[in-house]
Amino acid sequence: MSGYTRPIKFLLGTVHVTPAAVEALIRNDVELIHLLKRHREGDYGMEMCYYDRVVNEQEIKRGGRILSSYTLTDKTVIWIITAAGWTESTVLIREEY
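Each chain carries its own residue numbering, running from 1 in the direction its sequence is written. It should be noted that, the model being predicted, local features are given only for residues of pLDDT at least 70 and side-chain atom pairs only at 80 or more, the latter also being counted only at that level, while totals for whole chains, interfaces and linings use all residues. As a convention, hydrogens and water are excluded, and side-chain values are obtained from all of the structure's heavy atoms.

> Which parts of the structure should I look at to understand the pairing of strand β2 (residues 66-71)?
Side-chain positions along a regular strand alternate between the two faces of the sheet. Accessibility here uses a 1.4 Å probe with only protein chains present; expressed as a share of the type maximum, an area under 20% marks a residue as buried, one over 50% as exposed, and anything in between as partly exposed. Strands are runs of DSSP state E lasting at least 2 residues, helices are runs of H or I lasting at least 4, and numbering of each runs from the N terminus. Across the six residues that make up β2, a large majority, five, are buried. Where β2 lies against strand β3 (residues 77-82), six bridges are found, and the strand directions are antiparallel. For Ile66, the partnering residue across the bridge sits in β3 and is Thr82. Whether two strands pair depends on DSSP finding at least two bridges between them. The hairpin formed by β2 and β3 contains five residues between the paired strands, and Lys75 there has a positive phi angle of roughly 75 degrees.

Okay, structure coming up:
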């Protein structure tokens, strides 16, 4: 196992998780910390198109809003949104947006 970790690109702030997201993570046996780590390191999920990735990178330079999208095994889509200013992040299922 490698000790390499990707650098953190931005801070998450206070993390809020909706009950529906908690249920989906439990149902799919996914640890929230794993998705939060991917998000803050700039792995925005396979579902994010090139344009959305570019926008995220531009927003990191400005301290703006960052969005990641991860599809779980049962096809539930989890979004992690870090608000502009990086004081808070919200984890929710796509349908809650």
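That covers the picture; the talk isn't over yet.
> I tried to follow unusual backbone geometry on my own but got confused; where do I start?
Peptide bonds are trans in most cases, and residues, glycine excluded, mostly fall at negative phi. Phi at Lys75 is positive, roughly 75 degrees, even though this residue is not glycine. Counting through the fold element by element, Lys75 comes out in the loop between β2 and β3. The class for Lys75 is exposed, based on a relative accessible area of 64%. A positive phi angle, near 60 degrees, is found at Trp86, a position not held by glycine.

> How should the sheet that holds β2 be read in this particular structure?
Think of a sheet as strands paired side by side through backbone hydrogen bonds, with each pair either parallel or antiparallel. Overall, mixed pairing links the four strands, which are arranged β1-β4-β3-β2 in an open sheet. On the outer flanks of this sheet lie β1 (14-17) and β2, each paired with one strand and no other. Averaged over all adjacent pairs, the angle separating strand axes in this sheet is 15 degrees, with direction ignored. In the sheet, β1 pairs with strand β4 (residues 88-93) via four bridges, with the strands oriented parallel. What sits directly across from His16, in β4, is Thr90. Contacts were defined at the residue level, with two residues in contact if any of their heavy atoms lie within 4.5 Å. Only the stretch in contact is used when a helix axis is fitted, and all axes are lines through C-alpha atoms; the angle between N-to-C directions ranges over 0 to 180 degrees. Here helix α1 (residues 19-27) sits on the sheet in contact with β1, β3 and β4, set at roughly 65 degrees to β4. Of the strands in this sheet, β1, β2, β3 and β4 touch helix α2 (residues 32-40), which is tilted by about 135 degrees from β2.

> Honestly, the environment of Cys49 in this entry has me stumped. Any pointers?
Along the chain, Cys49 turns up in the loop between α2 and α3 (50-62). On the basis of relative accessibility, which here comes to 37%, the residue Cys49 falls in the partly exposed class. Counting along the chain gives 43 residues from Cys49 to Arg6, while the straight-line C-alpha distance between them is 21 Å.

The values reported here are purely geometric and, on their own, carry no functional implication.
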